[in-house]
Structure formats: C-alpha cells, structure tokens
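# Chain and residue survey
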Amino acid sequence: MEPDLAELEADIAAMKIDIAVLKANSATKADLADVRAALSSEIANTRAAIAEAKSAIIMWVVGAIFLAQLLPILAKIIVK
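What comes next concerns the included structure.

### A closer look at the overall build of the chain
A tally of regular secondary structure across the chain gives two helices and zero strands. For 80 residues, the compact-globule formula gives about 12 Å, and the C-alpha radius of gyration of the chain, at 34 Å, lies well above that figure. Taken along the three principal axes of its C-alpha coordinates, the chain extends 115 × 20 × 10 Å. A buried classification covers 0% of the 80 residues belonging to the chain. Counting only carbon and sulfur atoms, one obtains 71% of the accessible surface of the chain, whose full area is about 7,500 Å². Charged side chains in the chain number 8 positive and 10 negative. The centres of these two groups are separated by 33 Å.

What follows is the structure, encoded as structure tokens:
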C-alpha cells in the first residue's frame, strides 16, 4: 500500500507541473481579443488596398482604350 501511495503522490506532482505549464502557455480571452482586433484591422487594410488596386486597374484600362481610339485619328491628322 505504501509504494502505491508514493506512486500516486508522484503522479499528482507531475500532473501539477503539467497543469502549470499548460496555464502558462495557453492564450487568455484578452490575448484572443487582441489577435482578433489585429486581424480585423489587417483585413480592413487589405480590402482598402484591393479597392485601390481595382480603381487603378480600371483607370489604366479605360485610358488604354481611350488612347487606342485616338491614335488612328491622330495618325490621320499627322499624315495629312
């Protein structure tokens, strides 16, 4: 009975150490809230960058089409 009790005490001590390590390394609600806020901010910044890139691409395409329509007319004027 005495060896079994000593073994149980050793197991409990090991469990206490394991629980202390888990508590020290686990994320708290505040940590998760900070990560969530940072992630939301990054998503908003990314969406803004995508919207800006889309606008720039649209402007370049419209400009290229407009220029492509004007070049033949300008060539005719210059050749005359």
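Moving on, there is more to tell.
### Comments concerning helix α2 (residues 29–79)
Each α-helix turn comprises 3.6 residues. Residues three or four places apart therefore point the same way. Here α2 is 51 residues long and its end C-alpha atoms lie 74 Å apart, about the 75 Å a rise of 1.5 Å per residue gives. The largest bend in α2 amounts to roughly 25° and is located at Leu-70, with the proline Pro-72 lying one to four residues further along.

The rules behind the values
- Residues numbered from 1 in each chain as written.
- Predicted model: local features only at pLDDT ≥ 70, side-chain atom pairs only at ≥ 80, totals over all residues.
- Heavy atoms only, no water.
- Helix = DSSP H or I, 4+ residues; strand = E, 2+ residues; numbered from the N terminus.
- Rg over C-alpha atoms; globule rule 2.2 N^0.38 Å.
- Buried < 20%, exposed > 50% of the residue type's maximum accessible area, 1.4 Å probe, protein only.
- Areas by Shrake-Rupley, 256 points an atom, 1.4 Å probe, with all protein chains shown as cover.
- Lys, Arg positive; Asp, Glu negative; His and termini not counted.
- Charge placed at Lys NZ, Arg CZ, Asp CG, Glu CD.
- Expected span 1.5 Å × (residues − 1).
- Bend = angle between axes of the 7 residues up to and from the residue.

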